[in-house]
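Residue-level structural notes
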Amino acid sequence: MAITAANLTSGQQSTSSISQTTASISPGTNKLDLVTVVWKRVGSTVDLPTVTGAGGTWVLINGTTNNDGTSIRGIQMFRDLSATPGSGVLTITFPEAQDNFAWFVDEFSGIDTGGTHGSGAIVQDQESTQNGANVGASVTLLALGNTSNSAYGVIRHGGAGGVTSGASFTELSNAINGNSYESEWAINQTSVNWTWAN
């Protein structure tokens, strides 16, 4: 079965908040669901989020934070997969209030259903940060195990002009709240990339 992807919901919180609920979702049976939380907080304390709800066990895959001396920015990605999924809202909670954050819930079918909570579907994870003036970003994956494997990525760009998906990628969702966020995916690609105007 070929891998397919779809966005279940996305959203943003542009005012200071410690938690937020998403729209209600209904994960599919034996489908990989990825929840990515993208956030910014003024100060020097790293506050990592947790995700609960919709009958799932949301396991942290990986994430990255970036401190520019004034603010902490971060991206964390969670996974779940169930043969008997529930439904409902997800609650994203931080230890302390964040200045703004956004979330994406993207679902994949045709994947390896082995392991626990989607672990068999995740072969590798990579992350990258960059500061300064740039007009694009790229994250390089290791070699894929099969040409039918898929790549998936999420970006937080510190500008409100929006971002453009990589040439071989399909956008799943995007958000703008003073910053720009986007999730994308593709088959048989090892460079997950984006561009923007300035």
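What counts and how
Think of each chain on its own: its residues are numbered from 1, step by step along the sequence as written. Predicted model: local features are reported for residues with pLDDT of at least 70 only, side-chain atom pairs are reported and counted for 80 or more only, and whole-chain, interface and lining totals are derived from all residues. Calculation of side-chain values draws on the structure's entire complement of heavy atoms; hydrogens and water are dropped beforehand. Just to be clear on terms, a salt bridge is a Lys or Arg side-chain nitrogen sitting within 4 Å of an Asp or Glu carboxyl oxygen. In this text, helices come from DSSP runs of H or I with a minimum length of four residues, and strands from runs of E with a minimum of two, each type numbered from the N-terminal end. Only protein chains enter the area calculation, which uses a 1.4 Å probe; residues under 20% of their type maximum are buried, those over 50% are exposed, and those in between are partly exposed. Any two strands with at least two DSSP-identified bridges between them are counted as paired. To obtain an axis, a line is fitted to C-alpha atoms, over the contacting stretch when the element is a helix, and the angle between two such axes runs from 0 to 180 degrees between their N-to-C directions. Between two residues, a contact is recorded if the distance between any of their heavy atoms is within 4.5 Å. Joining through side-chain atoms within 4.5 Å is the link that ties buried Ala, Val, Leu, Ile, Met, Phe, Trp, Tyr and Cys residues into a set, and such a set is a nonpolar core.

Right, let's talk about the pattern of salt bridges for a bit. Under the defined criterion, the tally for this structure stands at three salt bridges. The partner of Glu 96 in a salt bridge is Arg 41, with the nearest N and O atoms 3.0 Å apart. Here the residue Glu 96 occupies a position in strand 7 (residues 90–98), and Arg 41 occupies one in strand 3 (residues 32–42), the gap between them amounting to 55 residues. Residue class for Glu 96 comes out partly exposed when judged on its relative accessible area of 35%. Salt-bridge contacts for Arg 73 lead to Asp 68; the nearest nitrogen and oxygen are separated by 2.8 Å. Overall, Asp 68 belongs to the partly exposed group, its relative accessible area being 40%. Put simply, Arg 41, Asp 47 and Glu 96 are held in one network by salt bridges that share partners.

Sheet strands pair via backbone hydrogen bonds, and the direction of the pair is either parallel or antiparallel. Here we have three strands laid out as an open sheet, ordered 10-13-12, and antiparallel in their pairing. The outermost strands of the open sheet, each flanked by one partner alone, are strand 10 (150–157) and strand 12 (170–176). With direction set aside, neighbouring strand axes in the sheet form an average angle of 10 degrees. The pairing of strand 10 with strand 13 (residues 180–187) spans eight bridges and is antiparallel. Its bridge partner being in strand 13, Gly 153 is matched across the sheet by Glu 184.

What follows concerns the environment of Ala 121. Along the chain, Ala 121 turns up in the loop between strand 8 (100–109) and strand 9 (136–140). As for Ala 121 and Leu 81, which are separated by 40 residues in sequence, their C-alpha atoms are 9.2 Å apart. With near-sequence residues (within four places) excluded, Ala 121 lies in contact with Leu 32, Ile 111 and Asp 112.

Here we come to the nonpolar core. If you look at the biggest cluster of nonpolar residues, it comprises 18 residues, and the most contacted ones within it are Leu 34, Phe 108 and Tyr 152. Only strand 3, strand 6 (71–80), strand 8, strand 10, strand 12 and strand 13 provide two or more residues apiece to this core. In this structure, Ile 25, Val 51, Leu 90 and Trp 103 belong to the second largest nonpolar core, which totals 15 residues.

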